[in-house]
Every structure is written in structure tokens, then in C-alpha cells.
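Residue-level structure breakdown
This is what each chain is made of:
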Amino acid sequence: MMDSIISACAIKDLEVWKESSKRIVQFIPAKNYIVVVPNAELALFKKYSPGNYSVINEDDVIGSLNLAQIRAILPNEYKFRSGWYLQQFLKIAIANNLDDENGFSLIWDADTVPLKEINFLSGENKLQFFMGSEFHPPYFSTIKKLLNLEKLVEQSFIAQSLPFRHKWIKAFIKSIEDRHKEHWANAIMNCSQLDNISGFSEYEAIGTFVVKNFSDEVIINNGKWERWGTQIFRSKNLSLNFLDLFASANPALNFISFEGWSS
């Protein structure tokens, strides 16, 4: 059983979170379930998250860069993306603070719903990465500046989930701070291509670092998943109450994402 499952969420994804959180507990066994949320939404998420979950105030997680500071760094046209950067830093910070360097945990997108039992550990004790097909060049420009690494795999590590051994994250952070001589979050912002709407991906950065440095500890899981849940459900006039029927009709799918469900 893995140690922890880490998500970051906000009120815009609360309706999906009500479904995803209970199914995460049902389908992905872990010793600890963690969701980090804005301070103003703490009580709301405690009310609507399963009792298994520790609901953490984001203000208690990371002190180097808060939302206002990130917003100040971003150019005017992309200041609205400050929360998008912050949620990545929150997940990395929690992952970096986990005990037991030999343990393994999972970053999971809060707007993504598991549809059946998912095992991220192979029979050979390797962690299994689901993969995507996205290719966004600015992410790799950032990774080059941040870690001096090129794109190393054909597919994308952006797959709504990222299993990791705790030692990987600690090595990732150390590598950044040794190279840039500053806190890792500041280094990421300073290396990110901020003139683009999306300048950094924690999934691509961590995945690339792991493949470079711990390739014998990972394998690729070619299992299917669906990113466009919002479009599919709305095109068929389906509510989230139809998740069980959708899962039954699509037994090959491991999980489905509902990005922008509330918009």
C-alpha cells in the first residue's frame, strides 16, 4: 500500500471533488489521503471530503512563494494563472515533506475520477506511470533551464497522476537548489517561460528528472484514461451521477478527468 495520495483543490472543482475523493478512497488504497485547499475554503472541504482525508490549509504548506507573490511575478496577461502555478508548488512541497525516503506516494489531480481499482506498483516493485500525448514546448524550455535536461520520452508525463518515491522528490528539489542556489519554488518561477499561458508542468519536470536518474525504478503503464470528461458528459447531457454507468460502459478506462467542469 502506498503512503499518501496528494491533491490540491479549490471551490471551482468542488462538485467533481465530491465524486473523485470518495472514489480515490474506494479504488486507490493508501495510508494517508491529503488535499490542500485555500484557507477560506477549509471548512467547506472538510465538510465534503471523506473522513479519510486530511484537509490542509495551503497557507501552512509553502512559505517561499504565496499567491500574491506569484501573481506579482507573472506578466499582466497571465496573472490569472497564479493559482495554477501555486497548486503545483503546493503538491511538490507536501511531497517533499513526506517521511521515509523509501516510501512511495501519488500526486493525483483533484478534478480526475478513478473508475476502477488502480495499482501503481508493478510486480517488480517498480512504479507505473500512466502517460499522455500532450507536447507543450515551453515546458521543456523550462526544464532545460531548470535541470539542464532535454525531453527524454516520446509520450507526456501529463496524465492527471504521478506516482513517486519520496527519495525522487527530495533529489529533484536538491538538484534544483544546488544548481540555482535559491529555494526551488523561486528557481522554478525564474526558469519558467512566463510569457506563455502555461510555463511549467510539475508532471513533465518530475517525470523527466526521474527517467534520467531513476529509470530502473519505473515502467510505463499503457492503460487507457480519458481527459475530456467535461466535453463528453455535456455533449450527452450527462451529470456526474452517471459516473457508474459510464464506467460500466467503458471498462477499459482507468480514470476520467473533468477539467473546467464548473465553467
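Figured I'd write up the structure that's included with this text. Model, not experiment: these values are computed from the prediction.

Summing up its helical and strand segments, the protein chain has 10 helices and 10 strands in all. Its C-alpha atoms give the protein chain principal-axis dimensions of about 50 × 45 × 35 Å. Classification of the 263 residues of the protein chain by burial places 55% in the buried group. Positive and negative side-chain charges of the protein chain, numbering 27 and 30 respectively, have mean locations separated by a distance of 2 Å.

Attention now moves to the packing of helix H4 (residues 82-96) against helix H6 (residues 166-180). Viewed as axis vectors pointing N to C, H4 and H6 meet at an angle of 115°, and their least axial separation amounts to 9 Å. The pairing of H4 with H6 is recorded here as roughly perpendicular in orientation. For the element pair H4 and H6, the recorded crossing hand is left-handed. Contacts between H4 and H6 involve Ile-92, Ala-95 and Asn-96 on the former and, on the latter, Ile-169, Lys-170 and Ile-173. Residue classes in the contact of H4 with H6 are distributed as 4 nonpolar, 1 polar and 1 charged.

Moving on, we come to the sheet that holds strand S5 (residues 112-114). Taken in spatial order, the 3 strands of this open sheet run S5-S10-S9, and their pairing is mixed. Taken across any chain shown, the strands that pair with only one partner, and hence form the sheet edges, are S5 and strand S9 (224-226). This sheet shows a mean twist of 20° between the axes of neighbouring strands, independent of strand direction. With 3 bridges joining them, S5 and strand S10 (residues 253-257) adopt antiparallel strand pairing. Across the sheet, Val-113 pairs through a bridge with Ile-256, a residue of S10.

The subject of this paragraph is helix H5 (residues 137-147). Every buried residue belonging to H5 is among Pro-138, Tyr-139, Phe-140, Thr-142, Ile-143, Leu-146 and Leu-147, and all of these are buried. Where H5 terminates, the next one or two residues include Asn-148, which has phi positive at roughly 55°.

Once that is clear, we can look at helix H8 (residues 202-213). Side chains of residues three or four places apart in an α-helix project in the same direction, reflecting 3.6 residues per turn. The terminal C-alpha atoms of H8 lie 16 Å apart, and with 12 residues this matches the ideal 16 Å at 1.5 Å per residue to within 8%. Buried residues dominate H8, accounting for 9 of its 12 residues. Inspection of H8 places Glu-202, Tyr-203, Glu-204, Ala-205, Ile-206, Gly-207, Thr-208, Phe-209 and Val-210 among the buried residues, and these make up the whole buried set. Regarding H8, its N-cap is Ser-201, as a side-chain oxygen of that residue lies 3.3 Å from the backbone nitrogen of Tyr-203 further along.

This next bit is on the pattern of salt bridges. Taken as a whole, this structure holds 13 salt bridges when the rule is applied. For the salt bridge of Glu-217 with Lys-167, the shortest nitrogen-to-oxygen distance reads 3.2 Å. Taken together, the positions of Glu-217 in the loop between H8 and strand S8 (218-221) and Lys-167 in helix H6 put the pair 50 residues apart, joining distant regions of the chain. By relative accessible area, Lys-167 is classed as partly exposed at 26%. For Asp-178, the salt bridge goes to Lys-174, with nearest N and O atoms at 2.6 Å. Pair noted here: Asp-178 and Lys-174 are both in helix H6, with a separation of 4 residues, about one helical turn.

Let's shift gears to the packing of H5 against H8. H8 packs onto H5 with a crossing angle of 55° between their chain directions and a minimal axis gap of 10 Å. On the basis of the axis angle, H5 is oblique to H8. In this structure, the crossing between H5 and H8 has a hand that is right-handed. For the pair formed by H5 and H8, the contact residues are Tyr-139, Phe-140, Ile-143 and Leu-147 on the first element and Glu-204, Ala-205, Thr-208 and Phe-209 on the second. Across the contact of H5 with H8, the residue classes break down as 6 nonpolar, 1 polar and 1 charged.

Moving on, we get to the packing of aromatic side chains. All chains considered together, the criterion is met by 20 aromatic pairs. On the basis of an interplanar angle of 45° and a centroid distance of 6.3 Å, the ring pair of Phe-89 and Phe-200 is categorised as tilted. Linking Phe-89 in helix H4 with Phe-200 in the loop between helix H7 (184-191) and H8, this pair joins segments that are 111 residues apart in sequence. An aromatic cluster is built from Phe-129, Phe-157, Trp-168, Phe-172, Phe-209 and Phe-214, whose rings are joined through pairwise contacts. We note Lys-18 situated over the ring of Tyr-48; from NZ or CZ to the ring centre the distance is 4.1 Å. Sitting over the face of the ring of Trp-84, Arg-81 holds its NZ or CZ atom 4.2 Å from the ring centroid.

What counts as what
Residues numbered from 1 in each chain as written. Predicted model: local features only at pLDDT ≥ 70, side-chain atom pairs only at ≥ 80, totals over all residues. Heavy atoms only, no water. Helix = DSSP H or I, 4+ residues; strand = E, 2+ residues; numbered from the N terminus. Buried < 20%, exposed > 50% of the residue type's maximum accessible area, 1.4 Å probe, protein only. Lys, Arg positive; Asp, Glu negative; His and termini not counted. Charge placed at Lys NZ, Arg CZ, Asp CG, Glu CD. Axes fitted to C-alpha atoms, helices over the stretch in contact; angles between N-to-C directions. Parallel < 35°, antiparallel > 145°, perpendicular 65-115°, else oblique. Left-handed = near helix turned anticlockwise from the far one by under 90°. Contact = heavy atoms within 4.5 Å. Nonpolar A, V, L, I, M, F, W, Y, C, P; charged D, E, K, R; others polar. Pairing = 2+ DSSP bridges. Expected span 1.5 Å × (residues − 1). Polar contact = N/O pair within 3.5 Å; in protein donor to acceptor, adjacent residues only side chain to side chain. Salt bridge = Lys/Arg side-chain N within 4 Å of Asp/Glu carboxyl O. Phe/Tyr/Trp six-rings, centres within 6.5 Å; stacked < 30°, edge-to-face > 60°. Lys NZ or Arg CZ within 6 Å of the ring centre and 35° of its normal.

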